[in-house]
Amino acid sequence: MSKTRHNTPVLGELEFAVMDFLWREGQGDVRAAHQAVGAQRNITSNTVQSTLKRLHDKGLARRTKVSHAFVYAPACTREGFHSQVLDQVVGGLMHGQPDAVLAAFVDLAEAAGPEQLERLEALVKARMRDSEVSP
Amino acid sequence: MSGFLGLFQFFVLSVAMLAGVVALATAVVYPQLRPRLKTMGPARRARLLTVLCMAPLVLALIQTGLLFAPGVLGAVWPELDHCLTHGLGGHVPLCVAHPPGSAGAWLGWIAVAGILGGVGYPLVRDLTRTWRSARMVRQLFRIAEPADGGLRVVSSPMPLAAATAVADDVLVSTSLVDALSPRLLTAVVAHERAHLRRRDPLRRVFAMLLSAGHLPPMRRTLLADLELACEQASDEEAAKSVGDRLQVAEALLAVARMMGGGPTPAVSMAFGATSIEARVDALLAPPAPEGRTSTEVVWLLAASALAIAAASPGHHMAEHLIEHLAR
């Protein structure tokens, strides 16, 4: 799977569910995936098969042919994928690329200098002391 | 067909011209307006800045739409066909029912290409990036673990707390939860919930996309000032929610300290100070008055009435202008 920040695949709800199955079980074929994921969603095994193929094309699953069917396994760990998603979202913010979609409590790209922080912390502490003295 | 091309050309040129006028006026007026904005409450300041960000493009689209309105209404309801009142001979009609005879001047098409390339392309690029970002952020929220109180926790060494336009929960990182006391974490979460209540992420998306009509330096300044106003407005709401302005200030500094001191801030500088400094200073001072929303409503109604009243005379002026240029 590609490691570049910009190439982290975006998964739909069904793709997530199928990847969850692969991470949980370690591997599985279309029938097993359909039993685990497709049956309760009222979707056909063809749909699950297409989903597995898409995951393979996105680089998130690898497959080996066993007899006449493919057996799929995850190409990365759950933690590795999560890490890539986080890196893509947060990494952009860290490099000063403002993201209008995500509002962070403290702008991740804005690093206030230590002297500035000390000054502000001293002001806040002084104000807290004053409010304790005269409530 | 050529007539509709001519109408399209006029539409684009009209929007560009009107947007340009508003953008230039903003560039001239805003430096004088900025100190006054600083004295306003942040919620009101955010509303005004949102309007200012979108003003060139939105006002130009509305006014151009109104110029076309008599011609469009006449095509939908023939009884309202105003061309019958002045006849079709002798001037170029700005009318969908009776489009002009020509496809517009070639020089006009060069201008249209320049405008669509110069403004349209960045707008489409920003729209595409925003859509991709929204999908990725939605994915981030999906992989985060749900926690009590409508929180989503994601494992990360970054001290992250965020709200987004594509989910109703507040996202926090494990490092933030582990490092902050419950008292300070409450203040952080209250701040992010305020963003969701105020719909700030959605406001920022619209402001970012629709501020494309501004000159780039002005656009950057307006968006940075809007971001600060939104942060300060959420700080105020959080302070009301936890009952202690200093608690929010302390939380802000604790998270900034977790990020480590560093050199020059990269973004979000507004009013000549970093946003952290401006936010803490505002929390240490008494809250600024927010003013009355009714004043803004009155201004909006007056401006709308003026624009509608100007539609018909503006339409005829536009037709005569096109005729003059076509000679």
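Our structure is the block above this text.
Reading the values: rules and limits
- Residues numbered from 1 in each chain as written.
- Chains lettered and ligands numbered in written order.
- Predicted model: local features only at pLDDT ≥ 70, side-chain atom pairs only at ≥ 80, totals over all residues.
- Heavy atoms only, no water.
- Core = buried A, V, L, I, M, F, W, Y, C linked by side-chain atoms within 4.5 Å.
- Buried < 20%, exposed > 50% of the residue type's maximum accessible area, 1.4 Å probe, protein only.
- Helix = DSSP H or I, 4+ residues; strand = E, 2+ residues; numbered from the N terminus.
- Contact = heavy atoms within 4.5 Å.
- Pairing = 2+ DSSP bridges.
- Axes fitted to C-alpha atoms, helices over the stretch in contact; angles between N-to-C directions.
- Salt bridge = Lys/Arg side-chain N within 4 Å of Asp/Glu carboxyl O.

Chemist: What's the story with the nonpolar core in this structure? I'm lost.
Modeler: Soluble globular proteins: nonpolar side chains tend toward being buried together. Counting 42 residues, the largest nonpolar core has A:Leu52, A:Phe81 and B:Leu140 as the members making the most contacts within it. Of all the secondary-structure elements, those providing two or more residues to this core are helix H1 (13–25), helix H2 (30–38), helix H3 (45–57) and helix H4 (78–94) of chain A together with helix H4 (106–143) and helix H7 (200–210) of chain B. Per element, the largest residue contribution to this core is eight residues, and it comes from H1(A). In contact with A:Leu52, not counting residues within four places along its chain, are A:Val18, A:Leu22, A:Val30, A:Ala33 and A:Tyr72.

Chemist: Would you mind showing me how to read the sheet that holds strand S3 (residues 69–74) of chain A here?
Modeler: Each strand in a sheet pairs with another by means of backbone hydrogen bonds, the pair being arranged parallel or else antiparallel. All names here are of chain A. Pairing is antiparallel in the open sheet, where three strands are placed in the order S1-S3-S2. Of all the strands in the sheet, just strand S1 (28–29) and strand S2 (61–66) have a single pairing partner and so form its edges. In the packing of H1 onto the sheet, contacts are made with S1, S2 and S3, and the angle to S3 comes to roughly 80°.

Chemist: Explanation requested: the pattern of salt bridges in the structure shown.
Modeler: Residues and elements named next belong to chain A. Applying the stated criterion to the full structure yields 21 salt bridges over all chains. Residue Arg-54 is joined to Glu-15 by a salt bridge in which the shortest nitrogen-to-oxygen separation is 2.8 Å. Of the two residues, Arg-54 sits in helix H3 while Glu-15 sits in helix H1, which places them 39 residues apart along the sequence. For Arg-24, the salt bridge identified is with Asp-20, shortest N-O distance 3.1 Å. Of the two residues, Arg-24 and Asp-20 both sit in helix H1, four residues apart, roughly one turn of that helix. Linked through salt bridges whose partners overlap, the residues forming this network are Asp-20, Arg-24, Glu-25 and Arg-78.

Chemist: Where do I start with the environment of A:Gly12 in this structure?
Modeler: All names here are of chain A. Mapping Gly-12 onto the fold places it in the segment before H1. The partly exposed category is assigned to Gly-12, whose relative accessible area is 29%. Remark: the alpha-carbon pair of Gly-12 and Val-90, spanning 78 residues in sequence, is separated by 20 Å.

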